[in-house]
Amino acid sequence: MTGFVADVLTLYPEMFPGSLGHSLAGRALAEGVWSLRTTQIRDFALDKHRHVDDTPAGGGPGMVMRADVLARAVDAVCPADDLRPRLVMTPRGRPLSQARVRDLAAGPGVVILCGRFEGVDERVISRRGLEEVSIGDYVLSGGEVAATVVLDAIVRLLPGVMGNDQSGLTESFETGLLEHAQYTKPPVFEGEDIPPVLLSGDHAKVDAWRKRNAEETTASRRPDLWLAHQAAKKT
Ligand code: ADE
């Protein structure tokens, strides 16, 4: 396999490629810029009923994915000399950032384990060097949608995937600010004009308007990003 190689370990391989089979990511997949393999975790269960989970040690609700089954699946997909980062999608993980996405996109590929149920036995996380990643402070029904989000964010950064590379540089998070507002035709929509400066043809003024709009939007919606942006400017 050439290009960026993604392996997804899941109980629901039929969820893939899903949205990754369409649009930019789908075209890049068809062109071989990246490849996607899915592995059914249940194939690594050894008992008659192919159990992948069991009750949590210490009691409590729900089920936990078994360390032994997951370890066999990880080892089959990703031998010790496979240098690709190994992620496990979980709301307990470090929040995904554009910086992490950029690093992943610069590497050879990624192995993503999709958690389900109450979680994954901690021992397989530590013993197989899995990096716990969250896509945000909300709980999904499983890691598959989260894995799709991670792969979508990576694939659009792979060389040759985005037509207009400049648009990747100015958009939200690449500059530490949210993106400025955008307008297009018609010039008047339900009585509301496009800000006249954007139609003035004065590029310096357009740039200044966009910068101020990005700053105001970031400061009001994301005070956390705004503080970090200001702190970075001072150093
Ligand atoms: N699985 C369930 N919720 C998740 C989240 N927010 N991020 C990553 N994986 C998850």
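Refer to the structure printed above.
Note that the structure is a prediction, hence the values are computed from the model and not measured.

A. Structural context of the sheet that holds strand β8 (residues 131–134). One open sheet holds the 5 strands; their spatial order is β2-β1-β6-β5-β8, and the pairing between them is parallel. With one partner strand each, in any of the chains shown, β2 (34–40) and β8 form the two edges of the open sheet. Strand-to-strand twist across the sheet, computed as the mean angle between neighbouring axes with direction ignored, equals 35 degrees. Summarising the sheet, strand β1 (residues 4–10) and β2 pair through 7 bridges and their orientation is parallel.

B. Seen up close, the site of the ligand. The ligand sits among M89, T90, P91, V133, S134, I135, G136, Y138, V139, L140, G142 and A146. Between the ligand and G136 there is a distance of 3.1 Å, counted from a nitrogen atom to a backbone nitrogen or oxygen. At 2.8 Å, a backbone N or O of Y138 approaches a nitrogen atom of the ligand. A total of 260 Å² of accessible area belongs to the ligand in isolation, and the protein chains cover 97% of it. Mapped by element, the contributors of at least two residues to the shell around the ligand are β5 (86–95) and β8. The dominant element in the shell around the ligand, judged by the number of residues it contributes, is β5, at 3 residues. Partitioned by chemical class, the residues of the shell around the ligand number 8 nonpolar, 4 polar and no charged.

C. Representation of the sheet that holds strand β4 (residues 64–65) within the structure. The sheet built from 3 strands is open, its strands ordered β3-β4-β7 with mixed pairing. This sheet does not close on itself; its edge strands, each paired only once, are β3 (53–54) and β7 (119–120). Inspection of the sheet shows β3 paired to β4 by 2 bridges, in the antiparallel sense. By the bridge assignment, D54 is partnered in β4 with V64.

D. Inspection of the pairing of β5 at higher detail. Bridging between β5 and strand β6 (residues 109–114) involves 4 bridges; their strand directions are parallel. Paired with M89 across the strands is C114, a residue of β6. Of the pairings in the sheet, the one linking β5 to β8 comprises 5 bridges and is parallel in character. Within the sheet, the bridge partner assigned to R94 lies in β8 and is V133.

E. Representation of the nonpolar core within the structure. Residues W34, V110, I112, L151, I154 and L158 are the most contacted members of the largest nonpolar core, which totals 27 residues. Within the residue set of this core, elements represented by two or more residues are β1, α1 (23–30), β2, β5, α3 (98–105), β6 and α5 (143–155). Ranked by the residues each element gives to this core, the list is headed by α5, at 7 residues. When residues no more than four places from it in sequence are discounted, the contact partners of W34 are F4, A6, L20, A25, A28, L29, L151, V155 and L158. Formed by 21 residues, the second largest nonpolar core is a distinct cluster that contains L70, A73, V77 and I125.

Analysis parameters
Residues numbered from 1 in each chain as written. Predicted model: local features only at pLDDT ≥ 70, side-chain atom pairs only at ≥ 80, totals over all residues. Heavy atoms only, no water. Pairing = 2+ DSSP bridges. Helix = DSSP H or I, 4+ residues; strand = E, 2+ residues; numbered from the N terminus. Axes fitted to C-alpha atoms, helices over the stretch in contact; angles between N-to-C directions. Near = heavy atom within 4 Å. Polar contact = N/O pair within 3.5 Å; in protein donor to acceptor, adjacent residues only side chain to side chain. Areas by Shrake-Rupley, 256 points an atom, 1.4 Å probe, with all protein chains shown as cover. Nonpolar A, V, L, I, M, F, W, Y, C, P; charged D, E, K, R; others polar. Core = buried A, V, L, I, M, F, W, Y, C linked by side-chain atoms within 4.5 Å. Buried < 20%, exposed > 50% of the residue type's maximum accessible area, 1.4 Å probe, protein only. Contact = heavy atoms within 4.5 Å.

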